[in-house]
Amino acid sequence: MDKNATRYNVQLYIYDLSRGMARSLSPIMLGKQLDGIWHTAIVSYGDEFFFGGEGISSCSPGGTMLGPPDTVVELGETEVSEEIFMDYLASLGESTYRGDRYRLFEHNCNTFTNEVAQFLTGRTIPSYITDLPSEVLSTPFGQILRPILDSIHIAPPGGNVINGGRNS
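As the structure is a prediction and not an experimental result, all values here were calculated from the model. (Residues numbered from 1 in each chain as written. Predicted model: local features only at pLDDT ≥ 70, side-chain atom pairs only at ≥ 80, totals over all residues. Heavy atoms only, no water.)

(A) Examining the overall build of the chain more closely. Helix and strand counts for the chain stand at 6 helices and 6 strands. Reading the helices (α) and strands (β) of the chain from amino to carboxyl end gives β-α-β-β-β-β-α-α-α-α-α-β. A burial count over the chain gives 41% of its 168 residues as buried. When contacts within the chain are restricted to residue pairs at least 6 apart in sequence, long-range pairs at least 24 apart make up 76% of them. Here the chain has roughly 8,400 Å² of accessible surface; of this, 53% comes from carbon and sulfur atoms. (Helix = DSSP H or I, 4+ residues; strand = E, 2+ residues; numbered from the N terminus. Buried < 20%, exposed > 50% of the residue type's maximum accessible area, 1.4 Å probe, protein only. Contact = heavy atoms within 4.5 Å. Areas by Shrake-Rupley, 256 points an atom, 1.4 Å probe, with all protein chains shown as cover.)

(B) Representation of the pattern of salt bridges within the structure. Evaluation of the coordinates by the stated rule reveals 4 salt bridges. Ionic pairing is found between Glu-79 and Arg-7, a salt bridge with its closest N-O pair at 2.6 Å. Of this pair, Glu-79 sits in the loop between strand 5 (71-78) and helix 2 (82-94) while Arg-7 sits in the segment before strand 1 (8-16), and the two are 72 residues apart along the sequence. Residue class for Glu-79 comes out partly exposed when judged on its relative accessible area of 30%. Between Arg-98 and Asp-100 there is a salt bridge, and its shortest N-O distance comes to 2.8 Å. A network of salt bridges, in which partner residues are shared, links Arg-7, Glu-77 and Glu-79. (Salt bridge = Lys/Arg side-chain N within 4 Å of Asp/Glu carboxyl O.)

(C) Broad picture of a nonpolar patch on the surface. Taken together, the side chains of Met-21, Leu-25, Ile-28 and Met-29 present a nonpolar region at the surface, about 410 Å² in accessible area. Within the secondary structure, Met-21 sits in helix 1 (residues 21-29). (Patch = residues over 30% accessible without salt bridge, like charges linked within 9 Å, V, L, I, M, F, W, Y side chains within 5 Å.)

(D) Structural detail: the packing of helix 2 against helix 3 (residues 109-121). Close contact between helix 2 and helix 3 brings their axes to 12 Å; oriented N to C, the two are set at 145°. In this structure, helix 2 crosses over helix 3, and the sense of that crossing is right-handed. In contact with Ile-84, Phe-85, Tyr-88, Leu-89 and Leu-92 of helix 2, helix 3 contributes Phe-112, Glu-115, Val-116, Phe-119 and Leu-120. Across the contact of helix 2 with helix 3, the residue classes tally to 9 nonpolar, no polar and 1 charged. (Axes fitted to C-alpha atoms, helices over the stretch in contact; angles between N-to-C directions. Left-handed = near helix turned anticlockwise from the far one by under 90°. Nonpolar A, V, L, I, M, F, W, Y, C, P; charged D, E, K, R; others polar.)

(E) Expanded view of the environment of Leu-132. The residue Leu-132 is located in helix 5 (residues 132-137) in this model. With 95 residues separating them along the chain, Leu-132 and Ile-37 place their C-alpha atoms 7.8 Å apart. Aside from chain neighbours lying at most four places away, what touches Leu-132 is Leu-34, Gly-36, Ile-37 and Trp-38.

Structural data, given as structure tokens:
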């Protein structure tokens with residue numbers, strides 16, 4: 001490792017889309033406790049980056065309609081330059097993370113942040129976030145809701161699409 005290399009802080013912003021309702025309603029609806037319905041984003045290079053139904057987007061940290069995050073996790077530092085990172089995001093936005101590839105249970109904001117966290121720091125995001133879809137789908141009510149939930153494309157308003165809108 002080059003001791004003179006510039007290092008950039010990398011954070012995981014975690015938002016509970018249910019605003020606490022999952023904690024109180026999940027035991028009744030799913031028969032198991034869920035602490036939240038998680039949306040995540042990576043914050044580095046002075047911006048917040050996330051994936052939704054519009055593709056990969058960015059904004060100032062906490063700049064979407066979701067407001068400030070519920071939790072911030074320090075993922076570490078990276079030596080990846082901002083230029084290389086933006087090229088990486090552009091590549092993802094043209095392929096794997098185009099808006100039309102968004103799937104609430106299989107390919108969502110948390111899948112994106114997990115992949116980007118590994119690219120930047122070699123670390124994954126917490127498993128309680130990445131395991132949430134299987135937790136929901138393991139319940140009878142989750143299976144009933146799946147067709148409805150599969151049609152939902154979450155794109156928090158307030159971001160600027162970097163690349164990968166709803167292309168065909």
